[in-house]
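Survey of secondary and tertiary structure
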Amino acid sequence: PNRNKTENKIRFVFVGRYEGRKGINELHAAIKMLLPSEEFSFDFIGPIPDEHKIQSSNICYHGSISSESEIKEILAKADVLVCPSYSEGMPYVIMEAMACGLAILATDVGAVSLLVGSENGWVISSPEPKEIQKALAEIIQEKKEVIEQKKLCSTEKIKNFTFEKVSQSLVRHIEEAVKTPLK
């Protein structure tokens, strides 16, 4: 999709369901520490119960969206995907956000470190509210050029994770393993 340049206000997005291991309660706590700042906005895509939503003009809860084009439209307006999970495998949401040109803020779990590094985002060690809040505040204060560069790097880095490239790498690893004698 066509990328919007980072505006004066940093636009964050969270995509996921309301589940403890996704770190959404911790994310909400971190956001509350930043309010009433007007320097950022936050979009949530996914089923978040009304009683857990933060009431703020900075925050938009879109609910569950099944339309790929609607999701891409929201992602195209965002700057940073926030993924504060306690556990992940190979998180597709991060891969999809990178393909849409977003910088990434994520916890160092599962395969996240293969996808996210200082060149295309920020990696935090745990989804504790204070750690998330500190990272969000740092991003809000970051120079717009730095964020634009991280967004661009996401788009380039994800090209190494196409199914074709990953399957070729897997075949190479299997071939090497077959050549190596068992001990």
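Check the entry above for the structure.
An account of the accompanying structure is given in this report. Just so it is clear, the model here is predicted, and its values are computed rather than measured. Numbers given for residues are sequential positions, taken from 1 along each chain in its written order. Totals for whole chains, interfaces and linings use all residues, but because this is a predicted model, local features are given only for residues with pLDDT of at least 70 and pairs of side-chain atoms are given and counted only at 80 or more. Where side-chain values are given, they derive from all heavy atoms of the structure, hydrogens and water being excluded.

1. Some remarks on the overall build of the protein chain
Counting its secondary structure elements, the protein chain contains seven helices and six strands. Ordering the α and β elements of the protein chain from the N terminus gives β-α-β-β-α-β-α-β-α-β-α-α-α. A radius of gyration in this sense is built from C-alpha atoms; the matching globule rule multiplies 2.2 Å by the number of residues raised to 0.38. A compact globule built from 183 residues should have a C-alpha radius of gyration of about 16 Å, and the protein chain, at 17 Å, falls within 12% of that. The C-alpha extent of the protein chain, read off along each of the three principal axes, is 60 × 35 × 30 Å. Only protein chains enter the area calculation, which uses a 1.4 Å probe; residues under 20% of their type maximum are buried, those over 50% are exposed, and those in between are partly exposed. Here the protein chain holds 183 residues, and the buried ones make up 44% of them. Each helix corresponds to a stretch of at least 4 residues labelled H or I by DSSP, and each strand to a stretch of at least 2 residues labelled E; elements are numbered beginning at the N terminus.

2. Quick look at the environment of Lys 134
Structurally, Lys 134 is set in helix α5 (residues 129–141). Given a relative accessible area of 61%, Lys 134 falls into the exposed group. It is 8.3 Å that separates the C-alpha atoms of Lys 134 and Ala 30, two residues lying 104 residues apart in sequence.

3. Things to note about the pairing of strand β2 (residues 40–45)
The buried fraction of β2 is high, at six of six residues. Of the two faces of β2, the one lined by Phe 40, Phe 42 and Phe 44 and the one lined by Ser 41, Asp 43 and Ile 45 are each fully buried. Where strand β1 (residues 10–15) meets β2, six bridges bridge the pair, whose relative direction is parallel. When the bridges of β2 are listed, Val 15 appears paired with Ile 45. In this scheme, strands are said to pair when DSSP sees at least two bridges between them. Bridging between β2 and strand β3 (residues 59–63) involves four bridges; their strand directions are parallel. Across the sheet, the residue bridging to Asp 43 is Cys 60, located in β3.

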